[in-house]
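# Examining the three-dimensional arrangement
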Amino acid sequence: MDVPAPNPTDDAALPAVVKDTARQHLVKQGASGLSLDAVARDCGLAVAAVEAAFPHRDDLLTALIVDAYDASGAAMEQADRAAADSGAPAGARLLAASRALRQWSFAHPAEFTLVYGSPVPGYHAPQDTVGPASRTPAVLAGILRSALETGELIPPRRTVPGGLLRPEALELFGGAPAAPFSDIVERGIVLWSSLIGLLVFQVFSRTHDSVLDEAAYFDHAVAVAAETVGLVVPLGEDDH
């Protein structure tokens with residue numbers, strides 16, 4: 001039985017209809033060209049009706065950003081949970097979560113660009129985006145905590161000096177552990193930024209003319225980045 005499409009005049013369905021239309025605009029012209037007038041026109045609604053759900057363009061952008069962070073974070077969480085439930089070591093969990101983020105990013109390039117591309121001129125993200133944006137690093141932090149507890153981390157040869165992080169970064173991890181892993185949060189940020197940077201290169205086609213197999217390269221790059229936190233990512237025969 002076919003499910004009827006949402007009625008854009010239904011107050012409960014209106015926000016979803018507006019956001020779906022706005023995502024189509026992101027694909028065509030990016031976030032900088034997004035306007036409530038254009039979205040209302042494509043929804044077949046008066047601008048006032050759209051403004052009832054999203055009074056300003058920035059409100060709509062914030063909703064799209066929150067949705068993107070939540071969707072990508074949920075993909076990572078689900079992949080990590082499945083790997084952990086199967087008894088996989090921390091390195092395999094990291095690879096599974098990273099692959100899930102890559103899959104989401106390639107399936108939703110416009111939304112990936114919205115959250116990890118160039119800032120939208122004139123837009124300033126409100127506090128509402130902080131929690132959703134924290135889901136990706138929270139997955140990585142959870143994996144590193146588990147690796148620390150199970151003794152899967154290799155002590156670093158060079159430590160990062162303390163005093164470089166904001167308190168909220170340490171709180172996300174649950175505090176700084178004892179030596180020799182007292183700098184694990186600092187190293188975790190290197191891992192996080194390496195993962196996002198790698199995805200930016202791949203989603204924006206910065207590696208297509210230099211890498212033969214981008215999926216395989218991604219796995220190996222994640223393994224290399226994981227070495228910065230002392231974590232071994234299993235890649236089959238390469239680990240023997």
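Provided above is the structure to which this section pertains.
In what follows, the accompanying structure is described.

About the criteria used
- Residues numbered from 1 in each chain as written.
- Predicted model: local features only at pLDDT ≥ 70, side-chain atom pairs only at ≥ 80, totals over all residues.
- Heavy atoms only, no water.
- Helix = DSSP H or I, 4+ residues; strand = E, 2+ residues; numbered from the N terminus.
- Buried < 20%, exposed > 50% of the residue type's maximum accessible area, 1.4 Å probe, protein only.
- Phe/Tyr/Trp six-rings, centres within 6.5 Å; stacked < 30°, edge-to-face > 60°.
- Axes fitted to C-alpha atoms, helices over the stretch in contact; angles between N-to-C directions.
- Parallel < 35°, antiparallel > 145°, perpendicular 65-115°, else oblique.
- Contact = heavy atoms within 4.5 Å.
- Nonpolar A, V, L, I, M, F, W, Y, C, P; charged D, E, K, R; others polar.
- Salt bridge = Lys/Arg side-chain N within 4 Å of Asp/Glu carboxyl O.

### Some remarks on unusual backbone geometry
Geometrically, the link from Ala 179 to Pro 180 is a cis peptide bond, its omega value of 10 degrees lying close to zero. By secondary structure assignment, the location of Pro 180 is in the loop between helix 9 (167-173) and helix 10 (184-203). Unlike most non-glycine residues, Ser 205 shows phi in positive territory, near 60 degrees. With respect to the helices and strands, the residue Ser 205 is situated in the loop between helix 10 and helix 11 (214-226). For Ser 205, a relative accessible area of 39% gives the class partly exposed.

### Topic: the packing of aromatic side chains
Taken as a whole, this structure holds 3 aromatic pairs when the rule is applied. Between Tyr 69 and Tyr 116, the ring centres sit 6.1 Å apart and the planes meet at 85 degrees, which makes this aromatic pair edge-to-face. Residue Tyr 69 is found in helix 4 (residues 57-85), and its partner Tyr 116 is found in helix 6 (residues 109-116); the two are separated by 47 residues along the sequence. Among the residues examined, Tyr 116 registers a relative accessible area of 18% and is labelled buried. Summarising the aromatic geometry, the rings of Phe 112 and Tyr 116 are spaced 5.2 Å apart at their centres and angled 50 degrees between planes, so their arrangement reads as tilted. In this pair, Phe 112 and Tyr 116 are both assigned in helix 6, 4 residues apart and thus about one turn of the helix distant.

### A closer look at the packing of helix 1 (residues 14-29) against helix 4
Orientation of helix 1 relative to helix 4, taken along the N-to-C sense of each, is 85 degrees, at an axis distance of 10 Å. In terms of orientation, helix 1 lies roughly perpendicular with respect to helix 4. Residues Val 18, Lys 19, Ala 22, Arg 23 and Leu 26 of helix 1 form the contact with helix 4, whose participating residues are Leu 60, Ala 63, Leu 64 and Asp 67. Residues of the contact of helix 1 with helix 4, tallied by class, amount to 6 nonpolar, no polar and 3 charged.

### Some remarks on the pattern of salt bridges
Per the counting criterion, the structure on display carries 11 salt bridges. We note a salt bridge from Arg 41 to Asp 42, for which the minimum N-O separation is 3.9 Å. Residue class for Arg 41 comes out exposed when judged on its relative accessible area of 58%. In this structure, Glu 77 and Arg 135 form a salt bridge, with 2.7 Å as the shortest nitrogen-oxygen distance. Of the two residues, Glu 77 is situated in helix 4 and Arg 135 in helix 8 (residues 135-149); the sequence distance between them amounts to 58 residues. The class for Glu 77 is partly exposed, based on a relative accessible area of 23%. A single network of salt bridges, built from pairs that share partners, joins Lys 19, Asp 20, Arg 23, Asp 67 and Glu 111.

Worth remembering: the numbers are spatial, not functional.
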